[in-house]
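Structural overview for review
Chain by chain, the residues run as shown.
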Amino acid sequence: KDYNDVARAFITRLPDIQTILATRSKFDPFVNPSRRNTILNGLLCGVLSAISKEYPDIIVATNFDWIKLLPEPISLFRKATLAQLQILKLLGEILRCKIGHSQQRAGKPSPRTCRILLEVAVSASQESVY
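Residues numbered from 1 in each chain as written. Predicted model: local features only at pLDDT ≥ 70, side-chain atom pairs only at ≥ 80, totals over all residues. Heavy atoms only, no water.

As for the pattern of salt bridges
Note the cut-off: Between Lys or Arg on one side and Asp or Glu on the other, a salt bridge is scored when a side-chain nitrogen of the former is within 4 Å of a carboxyl oxygen of the latter. Classification of residues uses two cut-offs on accessible area relative to the type maximum, computed with a 1.4 Å probe and protein chains only: under 20% is buried, over 50% is exposed, and between them is partly exposed. Every helix listed is a DSSP run of H or I at least four residues long, and every strand listed is a run of E at least two residues long, numbered separately from the N terminus.
Here the structure, examined in full by the defined rule, presents two salt bridges. Note that D28 and R24 form a salt bridge whose closest N and O atoms lie 3.8 Å from each other. Since its relative accessible area comes to 13%, D28 is described here as buried. On the basis of relative accessibility, which here comes to 3%, the residue R24 falls in the buried class. Residues R96 and E93 are paired through a salt bridge, measuring 3.0 Å at the closest nitrogen-oxygen approach. Taken together, the residues R96 and E93, both in helix α5 (residues 81-105) and three residues apart, mark about one turn of the helix. Exposure remark for R96: the relative accessible area of 55% places this residue in the exposed category. Residue E93 is classed as buried on the basis of its relative accessible area, which comes to 13%.

This is the structure we're talking about:
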């Protein structure tokens, strides 16, 4: 019971997911590559990842096209390797949330999501993600 009370208190003090995403877009490491933006991107991705693990329903209920975390054109993605890793880890967590939820609802990823993920995979210079 104490854990649930703490969890509820914690979740009510979290900023809205849209606020976190808007903050991240202002300091996008792909658009404006800098050490500060990469560090901030990592912190915000970490917060979103923690939320996805502890409160997956919040992520599922968020009305956001998560693939928008990837830059357009996708060629910008190759230029920021640490940011690549941060985004790919987060997208993996989001995908796990969505798949877990969609197994209950039989949902599918959008064609745009599949196309962009395919472009990322095909254009990667490394064979694996660490």
